[in-house]
Amino acid sequence: MSFANTFVEGKDYKKVSGLPEATKPVVREFFSYNCPHCYQAEPTVEKMARLLKGKVTFKRTPVGAGRPSWILSQEAYYVAQKLKITNQVHSKIFHYIHEEAGPFTNAQQLKAFFEFQAVSGKEFDKVYNSKDKKTTLDNYGIQLELSGITGVPTLLVNGVYVVNPGEHTAQELAKLVQFLVAKK
């Protein structure tokens, strides 16, 4: 199927100098759990990811933007990734922040959230206090810097095509991603 006449650079996507990706095709979502636009876009992004399963690799990069509560949210994503429970808690973190308690304000609050998700305090402390955490959070910042994006939520396709997920349905996003993946 050809989408050549369907999507327009500058309207549906833009090209940036980009982020070198180790594997392609790849869609990387830049987001923050604290961002209300990311919260609103998340169901669409999730559905798009399901529609593209097996066709592209889907990755996430949480953005801290130098804001303490956003950095705590990055740490929440890091902990979930390390404990291999991201799929189980991803939407719960969004819900907690936007529907229940507001942004995380300290590490104890973050720990309490994970304990409520059946993570032992000892497991949380081990991951949260690991030496790897700083390196990983620094890597998130490097990915953001290299990406050339200017806000969240943003999808980066193959490291060079920027898409605003809030402007499309999941089906449109899936078609747009397939179109961009096929571009030479």
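Structure first, text after, so check above.
Residues numbered from 1 in each chain as written. Predicted model: local features only at pLDDT ≥ 70, side-chain atom pairs only at ≥ 80, totals over all residues. Heavy atoms only, no water.

Asks: Can you lay out helix α5 (residues 121-128) for me, pointing to particular residues and giving the numbers?
Replies: Owing to its 3.6 residues per turn, the α-helix aligns residues three or four sequence positions apart on the same side. All of the buried residues in α5 are G121, F124, V127 and Y128. Seen along its axis, α5 keeps its buried residues to an arc of 135 degrees; they face one direction. α5 presents K122 and K126 as exposed residues on the side facing more than 90 degrees away from its buried surface. Taken together, the buried residues of α5 touch α2 (68-82), α4 (107-116) and α6 (132-147). (Buried < 20%, exposed > 50% of the residue type's maximum accessible area, 1.4 Å probe, protein only. Helix = DSSP H or I, 4+ residues; strand = E, 2+ residues; numbered from the N terminus. Arc of directions from axis to C-beta. Contact = heavy atoms within 4.5 Å.)

Asks: Which residues make up the environment of T135, and what are the values?
Replies: Structurally, the position occupied by T135 is in helix α6. For T135, a relative accessible area of 51% puts it in the exposed group. Linking T135 and G102, residues 33 residues apart in sequence, is a C-alpha distance of 27 Å.

Asks: Quick rundown of the sheet that holds strand β5 (residues 161-163)? Include the residues and the values.
Replies: Either a parallel or an antiparallel arrangement is found when strands of a sheet pair, and the pairing is made through backbone hydrogen bonds. Across the sheet, 5 strands lie side by side as β1-β5-β4-β2-β3; this open sheet has mixed pairing. Of all strands in the sheet, those with a lone pairing partner are β1 (14-15) and β3 (57-62), marking the two edges. By the bridge criterion, 3 bridges tie strand β4 (residues 154-157) to β5 in an arrangement that is antiparallel. By the bridge assignment for β5, L155 is matched with V163. (Pairing = 2+ DSSP bridges.)

Asks: Pulling in residues and values, what's your account of the packing of α2 against α4?
Replies: Contact geometry for α2 and α4: axes closest at 11 Å, N-to-C directions at 35 degrees. Helix-helix and strand crossings are classified by hand; for α2 and α4 the assignment is right-handed. Where α2 approaches α4, its residues L72, E75, A76, V79 and A80 are matched on the opposing element by A107, L110 and F114. Each residue belonging to the contact of α2 with α4 can be placed in one class, and the counts come to 7 nonpolar, no polar and 1 charged. (Axes fitted to C-alpha atoms, helices over the stretch in contact; angles between N-to-C directions. Left-handed = near helix turned anticlockwise from the far one by under 90°. Nonpolar A, V, L, I, M, F, W, Y, C, P; charged D, E, K, R; others polar.)

Asks: Talk me through the pattern of salt bridges; I want residue IDs and the actual numbers.
Replies: Scanning the model with the defined rule gives 8 salt bridges in all. In this structure, R60 and E42 form a salt bridge, with 3.4 Å as the shortest nitrogen-oxygen distance. Note that R60 is positioned in strand β3 and E42 in helix α1 (residues 36-51), a separation of 18 residues in sequence. The two residues R60 and E42 agree in class, both being buried. Between E75 and K133 there is a salt bridge, and its shortest N-O distance comes to 3.3 Å. Here E75 is found in helix α2, whereas its partner K133 is found in helix α6, with 58 residues between them in sequence. In this pair, the class of E75 matches that of K133, namely buried. (Salt bridge = Lys/Arg side-chain N within 4 Å of Asp/Glu carboxyl O.)

Asks: Could you give an account of the packing of aromatic side chains, naming the residues involved and the relevant values?
Replies: One pass over the structure, following the stated rule, counts 15 aromatic pairs. Relative to Y77, the ring of F31 has its centre 5.7 Å away and its plane inclined at 75 degrees; by these criteria the two rings are edge-to-face. Of the two residues, F31 is situated in strand β2 (residues 26-31) and Y77 in helix α2; the sequence distance between them amounts to 46 residues. Judged by its relative accessible area of 0%, F31 falls in the buried class. A centroid spacing of 5.3 Å and a plane angle of 90 degrees characterise the contact between F113 and F114, whose relative ring orientation is edge-to-face. (Phe/Tyr/Trp six-rings, centres within 6.5 Å; stacked < 30°, edge-to-face > 60°.)

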